[in-house]
Structure formats: structure tokens, C-alpha cells
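Chains, contacts and geometry: an overview
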Amino acid sequence: MVTRPGKVVIVGGSSAGLATAEALRRQGYEGRLTLLDAERHLPYDRPPLSKQVLTGAWEPSRTQLRSPEHLASLEAEFIRAEPAVMCDAAERAVTTATGRVVRGDALVIATGLRPRMLPDQEELAGVHVMRTLDDALALRCDLAAGRRLVVVGEGVLGAEIAASARAMGVEVTLAGFGSVLLGSQVGGRVGGFLARLHTERGVDLRLGAAVEALAGSGGRVCGVRLASGEVLRADTVVVAIGARPATEWLEGSGLALGDGVECDAYCRAAPGVYAVGDAASWHHEGLDRRLRLENRTNATEQAQAVAANLLGAERPYTPTPYFWTDQYDAKLQVHGLPTPAAETRIAEGDPAQGRFVAVYRENGEVTGVLGWNMPKQSRLLRQKHLVAPRNGELATTVRSAP
């Protein structure tokens, strides 16, 4: 008989951490729960930050994941505004910035990501990143006062912020080292469709442009200098050049740290220690490779797997990777792991009409399905090409290209 932990400590109280606590309670766990988080806010959803919150369509309260009454029903101890600074994995003990030591019989790491920054970024006012609710509100305030925004970064977050700023009537330039918008996520063909959409909406795209430095005057940013020597004038700058797992507090903990907390197929990093969400790197048995996913869907699904394994299930986590993005009137849903090298074929619909499904193939194998305003059709093709049931479980496997 599996001995359930008497106390579970979850470090990180956002979507992945909260979902783990909820899954434990749903699966019958009656022991003690502690959620430790650096945030001062109640748990909130991050995808709306770069869209509805930034534009002002939503007030911050709408992003709350759960009501205070629901959180109370979990019968968990919530410790807020206390970042973790040290961990002893063998003892499953976490030390916070105040010196508090929190111990458990099991530990779940859900500390998420930390945005990457440009040199000297923190010395200039008007330069922003987008990770937290406070980040979104600060950027919204600056965009209301200024008219020229430069977004540095051609990935999903940079493109979403550019689209939201244009909806607010802001003049937007997007500069990125990559030659294709969202190239690493959707490939050149679909990235070209996205670039056309942004250009039609008034975004000045500077793709394939290396950013050399930020330009400032009087302690505030006034532009972005490219390697070519051109300076893109700006009242506000957003740096969206990716993020790294927030694992620096785990150095010296005894855990393996690579691209995140390195876990086995069960999301276990060490005896009694698991990782979940953006910070977790685990062995995906279906793909036979190490994987780390940065999206809301994975945070929820992985939390369910971690909760089950904490309670003795010993079930490998083998999801079909998925993410979505909204930009203007386009909703993209991406299943699997499409790469820039994949052959991209339009399977249904017409890009000229703003509705289509693309299928990605490498070496004869389907590795991804993308829907552009065609959610039902993309799900059907996902089920046809990417899903392989495992013994009646909900877990799924992507067909991996060699």
C-alpha cells in the first residue's frame, strides 16, 4: 500500500501550483497543503495579461482563477509575497526571503518563468517585460500616456502585445532577430500569413533585425538601436525575447537543473520532489525526448498527473503539446510540435479567407496541426494524426519525426 504524504508543500501559487492543490483534493488527498508564492495577488490567469488586461477590456479582478471562497474550501495554508530563496531537496525544506523554513513530506516546484532582459534595461524608465499582473498594469499605464511603442521580440508574446497596442491606437514597431514572425512556433508559411496580418493592421515589422542596445534620455527610454545603426524611436519599449525557468533559488538544492528542473517521466525530480508547469523539464515517453512546455494548458494537465503520482499512481505524463494565441481577429490553435523545417500543407480552408487548417510533416510523419479560426476542424485532424490512446487513459502521444 502506498503511503500518502502527510504534508505537501507547493512552491508557486499560480495556475500550475493551484491546479496541483485542486487535483490533490479532487483525488481524495486529506493531508496538509501549503502553497508558497512570491506574488502578493490571489492566483490569477496569465494569458489575458497581454490581451484583455493590457487593452483595458478587463479589470484585474476578472483574471482571478478562483474566488476566495473556493480557495478557502481547499483547506490549504497560503503564504503570499514570500519568494523562495533556498531549498534542501533531501529534507524537502524551503527557505523564504523572510527566513521562514517550510517543510513537507513531499515538495512540488511550480515557480514558472523569469523574463529575459536586455543589458541596462532596468536603468531606464519606460522599458517593460510582461509576466505578472503588475507588469501588465504598468505597461497599460505607459501606453495610455505615450504613442510610440517598440516591441523587441518576434515570438508569441511580442506579437500579442503588438496586436493589443494597435487595438489601443498606439503606433507600433516590432523588431526581432528572427526573419519570420513566430517562426520557431509555426514555421515560415504561417509566420508569413501572420506578418501580413500585422502589417495590414499598421505594425511596422523589422524582422531579421538584431537589437544592439536601448537608447535613453534623462533616465527614460527614447528608442531602440539596431545593429545596422538605425534607432527606432519610442516612448515605451517592451522586451519579449523569451524567458528562463525561475530555478536560481534551487542552486545547491541537490536537484538537477538544466532547461528547468529535470524530472523523469513521472515529473519526479527526486524522491518526494516533483515539478510542474513552465519550470518542469521531463522525459516524454511518447516522444522519447526531454520536453518543457510554456503554456496554460500544460500547467493544468501536468498538475493532474503530478497529483496522481504523488498519491501513488506512477503514471507517465505523455500529453499532446498544445498552445493557442489570439491576435486581432485571428485565433491560432497549435497541436503537436511543428518546426520551421517541417513541410506545411493547407489541409482545409483558405488563408485568403482567414480560415484554414495546416498540417506539418517531417520525414513522412505528421508532427503538428494548426488551426486558424477553425477550432473544430483542427481538433478533428489532431485526433486523426496526433492522438494515440494509452490503455484507455486520457494521456496522448505525438508521433515524433525521427
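In this text, all values refer to a predicted model and were calculated from it rather than measured experimentally. (Residues numbered from 1 in each chain as written. Predicted model: local features only at pLDDT ≥ 70, side-chain atom pairs only at ≥ 80, totals over all residues. Heavy atoms only, no water.)

**Brief notes about the sheet that holds strand β1 (residues 7–11)**
Backbone hydrogen bonds are what pair the strands of a sheet, in a parallel or an antiparallel way. Ordered in space as β3-β2-β1-β7-β21-β20, the six strands form an open sheet in which the pairing is mixed. Pairing within the sheet leaves two strands with one partner each, and these edge strands are β3 (77–79) and β20 (268–270). The mean inter-strand angle of the sheet, taken between neighbouring strand axes irrespective of direction, is 20°. Taken together, the three bridges between strand β2 (residues 32–36) and β3 define a ladder with parallel strand orientation. By the bridge assignment for β3, Thr34 is matched with Glu77. On top of the sheet, helix α1 (residues 15–26) reaches β1, β2 and β7 (106–109); it is set at about 170° to β2, its chief contact. Running at roughly 170° to strand β21 (residues 273–275), helix α7 (residues 296–310) makes contact with β1, β7 and β21 of the sheet. (Pairing = 2+ DSSP bridges. Helix = DSSP H or I, 4+ residues; strand = E, 2+ residues; numbered from the N terminus. Axes fitted to C-alpha atoms, helices over the stretch in contact; angles between N-to-C directions. Contact = heavy atoms within 4.5 Å.)

**Overview of the domain arrangement of the protein chain**
Split into domains, the protein chain comes out as domain 1 (7–114 + 244–311), domain 2 (117–241) and domain 3 (329–386). In this structure, domain 1 and domain 3 have C-alpha centres spaced 31 Å apart. (Domains from an automatic or database assignment.)

**Topic: the nonpolar core**
In terms of nonpolar packing, the biggest core is built from 49 residues, with Val8, Ile109 and Leu255 touching the most fellow members. When residues in this core are grouped by element, the largest group, six residues, is from α7. Every residue in contact with Val8, bar those within four places of it in the chain, is listed here: Leu24, Tyr29, Arg32, Leu33, Thr34, Ala106, Val108 and Leu310. Membership of the second largest hydrophobic core comes to 41 residues, among which are Tyr44, Val151, Val170 and Val203. (Core = buried A, V, L, I, M, F, W, Y, C linked by side-chain atoms within 4.5 Å. Buried < 20%, exposed > 50% of the residue type's maximum accessible area, 1.4 Å probe, protein only.)

**Concerning the packing of α1 against α7**
Two measures define how a pair of helices packs: the angle their axes make with one another and the distance between the axes. At a minimum axis distance of 8 Å, the contact between α1 and α7 shows a crossing angle of 40°. Relative to α7, the element α1 lies oblique. Classified by chirality, the crossing of α7 by α1 is right-handed. Only Arg296, Ala299, Thr300, Ala303, Gln304, Val306, Ala307 and Leu310 of α7 make contact with α1, whose side of the interface consists of Ser15, Ala16, Ala19, Thr20, Ala23, Leu24 and Arg26. Across the contact of α1 with α7, the residue classes tally to nine nonpolar, four polar and two charged. (Parallel < 35°, antiparallel > 145°, perpendicular 65-115°, else oblique. Left-handed = near helix turned anticlockwise from the far one by under 90°. Nonpolar A, V, L, I, M, F, W, Y, C, P; charged D, E, K, R; others polar.)

**Brief notes about the pairing of strand β22 (residues 280–284)**
Looking down a regular strand, the side chains alternate between one sheet face and the other. Burial within β22 is extensive, with four of its five residues counted as buried. Pairing between strand β19 (residues 260–262) and β22: two bridges, direction parallel. Residue pairing in the sheet places Glu262 in a bridge with Ser281 of β22. Bridging between β22 and strand β23 (residues 289–291) involves three bridges; their strand directions are antiparallel. Across the sheet, residue His284 finds its bridge partner in β23, namely Arg289. The loop that links β22 with its antiparallel partner β23 comprises four residues; one of these, Asp288, has a positive phi angle of about 55°.

**Some thoughts on the confidence of the model for the protein chain**
Taken residue by residue, the protein chain gives an average pLDDT of 94. The fraction at 70 or more is 96%. Scored below 50 in pLDDT, residues 388–402 makes 40 contacts in the model with residues more than four places away or belonging to other chains. (pLDDT = per-residue confidence, 0-100.)

**Examining the state of the cysteines**
Two cysteines, two sulfur atoms, one covalent bond between them: this is a disulfide. As enumerated under the stated definition, the model contains zero disulfides in all. Cys87 forms no disulfide, and the closest cysteine sulfur to it belongs to Cys263, at a distance of 12 Å. With no disulfide partner, Cys267 has as its closest neighbouring cysteine sulfur the one in Cys263, 6.1 Å distant. On the accessibility criterion, Cys267 (0% relative accessible area) is buried. (Disulfide = S-S within 2.5 Å.)

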